[in-house]
Amino acid sequence: MLALFFFLSVSFVALSQEIRVTGTVTDTNGDPLPGVNIVVQGTTTGTITSVDGNYSIEVPGDATLEFNFIGFESQIVPVDNRQTIDVVMQEELLSLDEVVVVGYGVQRKSDVTGSITSVKAEELRDVASSSISKSLQGKTAGVEIQNIGNKPGGETRIRVRGNRSLTASNDPLLIVDGVPFSGDLSDIASDDVESIEILKDASATVIYGSRGANGVILVTTKRGKAGKPRVTYNGYTGLSNVSRYYDVFDAEEFIKLRDVAGHPFLPVEIESMMLGRETDWQDIGYQSGMVHNHEAGVSGGSEDTQYSFSLGYYDESYVIENMGFERYSMRASIDQQIGDRVKVGLSTMNVLANTDGETADPTWSLVSLSPLAVPYNPDGSLVEQPTYGVDDTYSPLTLQDESRWGEERRKFTSFNTGYLQVDIWNGIQYKLNAGLDFTANKYNNFYGSNTPFQNGALSEAEVQNLDNLAWTIENMILWNKTIGLHRFNFTGMQSVEKSTTTSSMFNGTNIAADYLQFNNLYLSETVQADQYNNYFSEWSLQSFMARLNYVYDDRYLITLTGRADGSSRLAEGNKWHYYPAVAVAWNAYNESFLEDADFLTQLKVRLGYGQTSNTAINPYSTLGGLSSVKYSFGDDGVTGYYVSSLPNPNLGWEYTTSYNIGLDFGFFRGRLSGSVDLYMQKTNDLLLGKSLPYTTAVTGDFMENVGETENKGLEVVLNGVIFDGSSVGGLKWDLSTNFFLNRSKIVSLQSGVKRDVGNGWFVGEPISAIYDYEKIGIWQLGEEEEAAIYGAQPGDIKIKDQDNDDQITDEDRVILGSQEPDFSGGFTSSWEYMNFDLSVVGYFRVGGTIISTLHMPNDYVNRLDGRRNGIKVDYWTEDNPTNAYPKPKNDPGPYTNTLGYFDGSFLKIRSINLGYTFKNLLNTRSDLRVYGSVTDPFVLFSPYLDEGGVDPEPTNRAEDRNDALGLPAEDLVIGLNTPPVTKYIFGLNFSF
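Q: Can you walk me through the overall build of the protein in this structure?
A: Helix and strand content of the protein: 11 helices and 53 strands. Relative to the 2.2 N^0.38 estimate, which gives 30 Å for 992 residues, the radius of gyration of the protein is 32 Å and therefore close to what a compact globule would have. Viewed in the frame of its principal axes, the protein has a C-alpha envelope of about 105 × 75 × 65 Å. For the protein, with 992 residues in total, the buried portion stands at 51%. With an accessible surface of roughly 43,800 Å², the protein has 55% of that area assigned to carbon and sulfur atoms. For the protein, the distance from the average position of its 74 positive side-chain charges to the average position of its 129 negative side-chain charges is 6 Å.

What follows is the structure in structure tokens.
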């Protein structure tokens, strides 16, 4: 025992004593590598190799050394009391040889000829959000993602290289595991995602034909891999608070506003109302919210069988009472090898999403209520109508009483895919893909008479059920062959898709008892079917596709693609369309004349051309339609029918021809890499609805193929390794950024038509052009005579007389700009030091015009009439001769939309994340990372926020806002809406 104790003691001392370790670091060719970073794991002790690749370092005998060098794989080497350790480092070729999903298969990144953006799973975790689309914002060049409102589970609008169509859909196609998915990105748990690829140019998207006309988002979910079972967990919890309150008039300012507007309080009224108090309605109406996210999974398998299973739960209660979003998700997959030639796989993804209070927004009341009013009576009871006179707005606090109202949306999605793959002979495979997609969407609401929604009107309830069933079957022949320096890849495909949608919606008024809410419309005084939301719709698509990829000597690449689609949406004789695409690339880096260019790690030039098409219009658009109307016939009430839209048997496809030139580059062993793309898209035979003269008695549009649009753009992506860990302490700093611009233009409309004012379309101008009067200030004292010529007086809005005819008419309206930014982009900056990591994610837009209905008086919030409170603005008075806003008065007068246009520039910090990773906890595969995160903490450089706005991103489409009078339906606007929030999150990631 003494001998054993002595032996262990000596061994321990020997292992603990520091020794000098020397050696040489080389590459696989035996050439020395200077500047390799060598650090003792878990410490800041380190050194770097000399110009000859040599190093020397004093370390404990039981230490572990980590060797890092940009462009090479990291090496972990235990010292084991050795004094000489030579290391051979392997080149990290992953950046060029990694597999990229390209649709109906995969390719090596170095073989890609089209314009494709790839986002890995770990990049989605930078921004904690209810939807993957929100996490993607600012990370992909050429892909503009705009949040439509701030509500939990809220909508996003995604545009790939701008808008092409004027009335057909511009939404990209969503493909999950190779099969079209009719749901949203918000239906997919972020931890289930392996990677996301976005196909942008026609040479890449043409394989999906008409459904890929607006770009394609490919989502690849995680599947099992052979090996020991692997368990993962990703979870976080946190608080959310309103980022910025609306800046409204305080009590003293409100009294002055009413006085200037001609509605002064009597002194006794002021004295009785104030009583030394002032009510901040926003402070009362908003609360702190909570967010929780938990995602757990297990995967593994043998060489023949691989499996994956995951569960997810997301819950977000919002800063407004009874508003929230909840999502349950379950996903499972299995892949089975049968013999040597057959492989099958199945996967299922099921999601139940609950959204409560999606329109229950009391912000209008919180902003418009008088600061002199009080929310509670002396006995503590709620003041139902806390205002006075003609303003009978109900207290927003009534929404905290769930017996007065209720609103819920329950959406269930089940997405199921399967495949059968058979190796036939000599690299030839047959593959069957099948998908079944079912969505059930149920929406209910009830608004009592004594809520801000009804404002004293009869109680009302609504019930809607919307179901969609879609299926896809694809038969493919795949061939991969390498013959010497020649590499071939062929894909042939035949597919058929079908989608069936049914909707029913009923409204009830004057509900028998409030506690019934929406649960029994039969007990309503009146029940009526909604004429627009009771329908059946079905469409189908049959397709053939062939694609050939050829690579010679890893230098010269060509991709040839042809696609044929037959759509049921179009008329006989126009159902089918055939279109081609070709892309070529030159891997100049692999040329012999560049083999000595050590500063290069990648250099590839890409050229692409292709045509896609679009039939994203409502089914039956070619058939015309009837609408019903009720009228009296004698003593009876009857229903009659009239022609609401005319048929067009000649309606055909909308075509987009795309040209793309790109450059992929890498320098200094990958220290600087990126890409540049230039593109042009021309869309012709637009699917447009033409309004007919009233004399035809046809109220609906007549669909035609007329007009042409154009998009041109530039995309730049830069990835830099600023510090590669070679400094003492091993600090690493990576910075990736992208910026892009798109210039759209309407080339032509209907024959001879140069502008369509109602839709905001003007030949030669951007698709999102803003057409209105030009405000040049406010009429001032001393300008009475000139103002009188235009029927105005000092304090009124001053409009520019474009034609100098001494009157303001429709002809004085001009193009003021567009919603299209000068350029957009984003960045991610990441630091690592020892086991700590820090990242900052940002998103920015420069230029363009924001349309703020919040500052237009159509919604009574900014009328400046003194009846209600509103956004505090710099209005005109005789002692404040501003040129910003007009003098308050009962009738705000004409031209008030001109008050709502602002510079759209801003920089939004999406998230700041700080984490620490405990490595190798249980075994060599186990890691635990704990982190804290702040999402949406700052908005910088926004002129709109300086003018009283709270968020420069849109909240609605104009067609959904009553206050967006005179604006084109598809314009994105910022209305009075739920304010933005900042989330403070603590979370952990664990895997073993």
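Back to the text.
Q: Explain the packing of aromatic side chains to me, please; I cannot follow it from the model alone.
A: Aromatic rings considered in pairs are described by the distance between their centres and by the relative angle of their planes. This model, assessed by the stated rule, comprises 28 aromatic pairs. Judged by centre distance (6.3 Å) and plane angle (80 degrees), the rings of Phe-823 and Phe-844 are edge-to-face. A residue pair is termed long-range when its members are at least 10 positions apart, and Phe-823 in strand β45 (residues 823–833) and Phe-844 in strand β46 (residues 836–846) qualify at 21 residues. In this structure Phe-844 comes out as buried when scored by relative accessible area, which is 14%. Aromatic ring contacts, followed pair by pair, group Phe-599, Phe-665, Phe-667 and Phe-668 into a single cluster. The cationic tip of Lys-798 hangs over the ring face of Trp-779; the distance from NZ or CZ to the ring centre is 4.6 Å.

Q: Can you help me understand the pairing of strand β16 (residues 216–221) in this one?
A: Two faces make up the sheet, and in a regular strand the side chains alternate between them. Most of β16 sits inside the fold, with 5 of its 6 residues counted as buried. By the bridge criterion, 4 bridges tie strand β13 (residues 173–176) to β16 in an arrangement that is parallel. The partner of Leu-173 across the bridge, within β16, is Val-216. Direction of pairing for strand β15 (residues 193–199) relative to β16: antiparallel, over a ladder of 6 bridges. Directly across from Val-193, in β16, lies its bridge partner Thr-221.

What counts, and where the lines are drawn
Residues numbered from 1 in each chain as written. Predicted model: local features only at pLDDT ≥ 70, side-chain atom pairs only at ≥ 80, totals over all residues. Heavy atoms only, no water. Helix = DSSP H or I, 4+ residues; strand = E, 2+ residues; numbered from the N terminus. Rg over C-alpha atoms; globule rule 2.2 N^0.38 Å. Buried < 20%, exposed > 50% of the residue type's maximum accessible area, 1.4 Å probe, protein only. Areas by Shrake-Rupley, 256 points an atom, 1.4 Å probe, with all protein chains shown as cover. Lys, Arg positive; Asp, Glu negative; His and termini not counted. Charge placed at Lys NZ, Arg CZ, Asp CG, Glu CD. Phe/Tyr/Trp six-rings, centres within 6.5 Å; stacked < 30°, edge-to-face > 60°. Lys NZ or Arg CZ within 6 Å of the ring centre and 35° of its normal. Pairing = 2+ DSSP bridges.

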